[in-house]
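Structure at a glance
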Amino acid sequence: VEYVVSGGNGVYLFTIDNDTVATDVGSYTFNVYADPGDTRYQSASISGIPFTIRPLRTRLTYTPVPNIPWGNNVTINFKYNVSDAASLWYNNKAIDGASITITRPGTWNFWTDYVSTGGNGVYTLNIANTTVNIVQSYSIDVQASVGNPRYENASILGLPFTIRELATVLIYEAVTPVPYGN
């Protein structure tokens, strides 16, 4: 266990490098033994000092989605990274190996209605045109998660996009003059 002791005059601060204490998020205890180095003072110990290593806070962001013409798949690009100012080493680190899932509407299924791809913090969600086949505005909830308890899941609630009607053009052929009565 790597640690640094600072202070003096009976008041000391122990700073523990949590990378050397635990390999996972959780609650832990440690024991301290103080030897004063002076025979006028007794040594002392404390057992069971609790501390907790919490998951890293994360954020999921997306590029705004332009209106999508009816019949096209919807493609949404995301970034999933650590957003934890208290972390000395991991803040803004891209998160690899995540899954992007749609949690609302709950009736949409991965592979059938949508798929997600990507890695190293950059992900793409593709929603099938057969799933969003009505001209209207949609609102979905999206979650990013990774099978590692060191990272919190991140969500976007109410991500909007619109399926618009197809642009059409009306053309005509010029009509030659027709005699009266024809």
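Note that the structure is a prediction, hence the values are computed from the model and not measured. (Residues numbered from 1 in each chain as written. Predicted model: local features only at pLDDT ≥ 70, side-chain atom pairs only at ≥ 80, totals over all residues. Heavy atoms only, no water.)

Considerations on the overall build of the chain
What counts here: A run of H or I in DSSP counts as a helix once it spans at least four residues, and a run of E counts as a strand once it spans at least two, with each numbered from the N terminus. Between buried and exposed lies partly exposed: a residue is buried under 20% and exposed over 50% of the maximum accessible area for its type, with that area taken using a 1.4 Å probe on protein chains only. Pairs of residues are marked as contacts when any of their non-hydrogen atoms sit within 4.5 Å. Note on areas: Shrake-Rupley with a 1.4 Å probe; residue coverage comes only from the protein chains shown. The convention is simple: Lys and Arg are positive, Asp and Glu are negative, and His and the chain ends are not counted. All charge positions are set by atom: Lys at NZ, Arg at CZ, Asp at CG, Glu at CD.
Across its full length, the chain carries 0 helices and 12 strands. If you list the helices and strands of the chain from N to C, you get β-β-β-β-β-β-β-β-β-β-β-β. Across its three principal axes, the chain shows a C-alpha extent of roughly 130 × 30 × 20 Å. Within the chain, buried positions represent 25% of all 182 residues. At a minimum sequence separation of 6, the contacts of the chain that also span at least 24 residues come to 54%. Accessible area for the chain stands at about 12,500 Å²; split by element, carbon and sulfur atoms hold 53% of it. One way to put it: in the chain the 9 positive side-chain charges average out to a point 5 Å from where the 13 negative ones average out.

Brief notes about the environment of L56
With respect to the helices and strands, the residue L56 is situated in the loop between β4 (44–53) and β5 (58–62). In sequence terms L56 and I134 are 78 residues apart; their C-alpha atoms lie 39 Å from each other. Those residues in contact with L56, other than ones at most four positions away along the chain, are V82, D84, S87, Y90, R150, Y151 and E152.

Some details on the sheet that holds β5
We count it as follows: One requirement defines pairing of two strands: DSSP has to find at least two bridges between them. Axes, fitted as lines to C-alpha atoms, cover a helix only where it is in contact. Angles between the N-to-C directions of the axes lie from 0 to 180 degrees.
Ordered by their spatial adjacency, 4 strands build an open sheet running β5-β7-β10-β9, and the pairing between neighbours is antiparallel. Every interior strand has two partners, whereas the edge strands, β5 and β9 (114–119), have only one. Ignoring which end each strand starts from, the neighbouring axes of this sheet average 25° apart. In this sheet, strand β10 (residues 122–127) lies alongside β9 in antiparallel orientation, the contact comprising 6 bridges. Residue V115 lies in a different strand from β10, and its bridge partner there is N126.

Observations concerning the nonpolar core
Operational definition: We call a set of buried Ala, Val, Leu, Ile, Met, Phe, Trp, Tyr and Cys residues a nonpolar core when their side-chain atoms join them within 4.5 Å.
Membership of the largest hydrophobic core comes to 30 residues, with the highest contact counts inside it found for I76, F78, Y80, L125, I127, I140 and F161. Elements with a minimum of two residues in this core: β7 (74–82), β8 (99–104), β10, β11 (136–145) and β12 (154–164). When residues no more than four places from it in sequence are discounted, the contact partners of I127 are N73, V74, I76, I102, W108, D113, Y114, V132, I140 and F161.

Side note on the sheet that holds strand β6 (residues 68–69)
Spatial ordering of the open sheet is given by β6-β12-β11-β8, a layout of 4 strands whose pairing is mixed. The open sheet has two edge strands, β6 and β8, and neither has a second partner. For β6 and β12, the ladder comprises 2 bridges, and the chain directions are parallel. From the neighbouring strand, I68 faces β12, where its bridge partner is I163.

Considerations on a nonpolar patch on the surface
Heads up, the rule is: Patch definition: residues above 30% relative accessible area lacking any salt bridge, with like charges linked at up to 9 Å and the nonpolar side chains Val, Leu, Ile, Met, Phe, Trp and Tyr linked at up to 5 Å. By definition here, a salt bridge exists when the distance from a side-chain nitrogen of Lys or Arg to a carboxyl oxygen of Asp or Glu is within 4 Å.
A surface patch of nonpolar side chains, about 420 Å² in accessible area, is lined by Y3, V5, Y12 and F14. Among the secondary structure elements, those contributing two or more residues to the nonpolar patch are β1 (3–8) and β2 (11–16). Secondary-structure assignment places Y12 in strand β2. We classify Y12 as exposed; its relative accessible area is 51%.

Some thoughts on the side chain of S116
Test applied: Throughout this description, a polar contact denotes any pair of N or O atoms lying within 3.5 Å of each other; where both atoms belong to protein, one of them has to be capable of donating a hydrogen while the other can accept it, and for residues adjacent in sequence the pair is counted only when both atoms sit in side chains.
Mapping S116 onto the fold places it in strand β9. Engagement of the side chain of S116 in a polar contact is seen with the backbone oxygen of I100, the distance being 3.1 Å. Discounting chain neighbours no more than four positions away, the residues touching S116 are I100, F110, T124 and L125.

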